[in-house]
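These are the residues of each chain, in order.
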Amino acid sequence: MARVAIVTGGTRGIGEAISLALHDMGITVVANYGGDDAKAAAFTERTGIPAYKWDVGDHQATLDGCARVEAEVGPVDIVVNNAGITRDGTLLRMSYEAWDAVIRTNLGGCFNMAKATFPGMKSRGFGRIVNIGSINGQAGQYGQVNYAAAKSGIHGFTKALAQEGARFNITVNAIAPGYIDTDMVAAVPADVLEKIVAKIPAGRLGQAQEIARGVAFLVSDDAGFVTGSTLSINGGQHMY
Ligand code: CAA
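The numbering scheme is per chain: residues are counted from 1 as the chain's sequence reads. Reporting in this predicted model follows two pLDDT cut-offs: at least 70 for local features of residues, and 80 or more for side-chain atom pairs to be given and counted; totals over whole chains, interfaces and linings ignore these cut-offs and use all residues. Side-chain metrics rest on all non-hydrogen atoms present in the structure, leaving aside hydrogens and water.

### Things to note about the overall build of the protein chain
As a reminder, the rule being used: Each helix is a run of DSSP H or I of at least 4 residues and each strand a run of E of at least 2, with the numbering of both proceeding from the N terminus. Only the protein chains shown count as cover for residues, and the accessible areas themselves come from Shrake-Rupley with a 1.4 Å probe. Here the positive residues are Lys and Arg and the negative ones are Asp and Glu; neither His nor the chain ends is included. Charge placement uses NZ in Lys and CZ in Arg. For Asp and Glu, CG and CD serve respectively.
Across its full length, the protein chain holds nine helices and seven strands. Accessible surface, the protein chain as shown: approximately 11,200 Å² in total, 55% of it carbon and sulfur. Of the charged side chains in the protein chain, 20 are positive and 22 negative, and the gap between their average positions amounts to 5 Å.

### Things to note about unusual backbone geometry
Selection rule: For each residue, the accessible area found with a 1.4 Å probe, counting protein chains only, is set against the maximum for its type, and the residue is called buried under 20%, exposed over 50%, and partly exposed in between.
The phi dihedral of N169 falls on the positive side, at around 65 degrees, and the residue is not glycine. Inspection of the secondary structure assignment puts N169 in the loop between α6 (145-165) and β6 (170-177). The class of N169 is partly exposed, set by a relative accessible area of 35%.

### Here we look at the side chain of S134
How we decide: The contact rule is simple, with two residues in contact once any of their heavy atoms fall within 4.5 Å.
Along the chain, S134 falls in the loop between β5 (127-132) and α5 (135-139). On the basis of relative accessible area, S134 is assigned to the buried category, the value being 4%. Not counting the four nearest positions on each side in its chain, S134 is found in contact with Y147, K151, H155, I175, A176 and P177.

### Focus: the site of the ligand
Rules: We call a residue near a given molecule or strand whenever any one of its heavy atoms falls within 4 Å of it. For this analysis, a polar contact is any N or O atom pair within 3.5 Å, provided that within protein one partner can donate a hydrogen and the other can accept it, and provided that sequence-adjacent residues contribute only side-chain to side-chain pairs.
Surrounding the ligand, one finds 18 residues, the nearest of these being D88, S134, Y142, Y147 and Y179. A distance of 2.8 Å is found between a nitrogen atom of the ligand and a side-chain nitrogen or oxygen belonging to D88. Here an oxygen atom of the ligand and a side-chain polar atom of Y142 are 2.5 Å apart. Here the ligand has 1,100 Å² of accessible area as a free molecule, and 56% of this is covered by the chains. Of all the secondary-structure elements, those providing two or more residues to the shell around the ligand are α7 (183-186) and α8 (190-198).

### Considering the pairing of strand β2 (residues 28-33)
Each regular strand carries side chains that alternate between the two faces of the sheet. The test is simple: DSSP calls a pair of strands paired once it identifies at least 2 bridges connecting them. Handedness of a crossover is defined as follows: with both strands directed away from the viewer, a clockwise route from the first strand across the helix to the second makes it right-handed.
The element β2 is extensively covered by neighbouring structure, given that five of its six residues are classed as buried. Relative to β2, strand β1 (residues 4-7) is paired through four bridges, and the arrangement is parallel. Residue pairing for β2: I6 is matched across the bridge by V30. You can see the chain leave β2, run along helix α2 (residues 37-47) and come back into strand β3 (residues 51-53), and the turn it takes is right-handed.

### Brief notes about the sheet that holds β2
Convention followed: Axis definition: a line fit to C-alpha positions, over the contact stretch in the case of helices; interaxial angles, taken between N-to-C directions, run 0 to 180 degrees.
One open sheet holds the seven strands; their spatial order is β3-β2-β1-β4-β5-β6-β7, and the pairing between them is parallel. What marks the edges here is a single partner per strand, and that holds for β3 and β7 (230-233). Strand-to-strand twist across the sheet, computed as the mean angle between neighbouring axes with direction ignored, equals 20 degrees. As defined by bridge partners, β6 adjoins β7 across four bridges and the pair is classed as parallel. In the strand pairing of β7, A176 is matched with S232.

### A few points about the environment of V188
Turning to its location among the elements, V188 is positioned in the loop between α7 and α8. Note on V188: relative accessible area 16%, which makes it buried. The spacing of V188 and F126 is 62 residues in sequence and 39 Å in space, taken between C-alpha atoms.

See below:
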């Protein structure tokens, strides 16, 4: 039987590319999304991949959402924690709400999804969790204390959970994307982005598919001995 995967934030940007890449591997994919119903409906129409709405930063909503997927689609073997938001601003200007929303969604979402799915993976003796971190969690970024802290937290979360999952044949890995050509990066002021791209040795932004191919490898049966690792895909911008 085909494995079942949930990709959080899976209807747009990097998440959409991941959903499609896993679907192309013959995996039964469910794309979670948090906000834009119209974009999610268009995604399902285009791809045939069902989209389920819940806020991954909400613990109970995530438990309920995953239970609904398990009842309607099947036991979840693979989780890709991709959902993430930015609320950029220097510390002096950053509100508590901007801090809290990013930590809650980006980092809290990983915990909530793992709480919902790890026990089932353990009982079935197979699991793959891939967490989307960031170059800015590895290196920091001016104007992103919230996002850098959440993404850095994801890298620590990955290494800790990998140690707990290994004996149950559950692998837990992270990908650290650099600057990828998505709506999120397009929201960076043009003059700031120009300076960032100038520092990327590859001389360009990455493509969402270039992240998705990394995820496809990490969730495959071939990657069974890879756990606790971070795959940086950033055009050489930061070598960690
Ligand atoms: N290092 C040092 N100083 C910097 C700096 C940097 N990297 N960037 C800006 N500054 C300085 C500026 O030179 C300026 O100094 P002066 O006042 O002396 O001129 C001062 O900081 C204020 O800069 P801004 O005019 O840019 O300030 P702002 O308040 O208008 O905006 C900001 C601040 C919102 C942080 C804006 O700079 C910004 O959006 N930066 C980009 C942040 C970023 O890279 N976000 C990534 C989003 S994509 C993503 O996160 C995906 C991923 O995983 C990679």
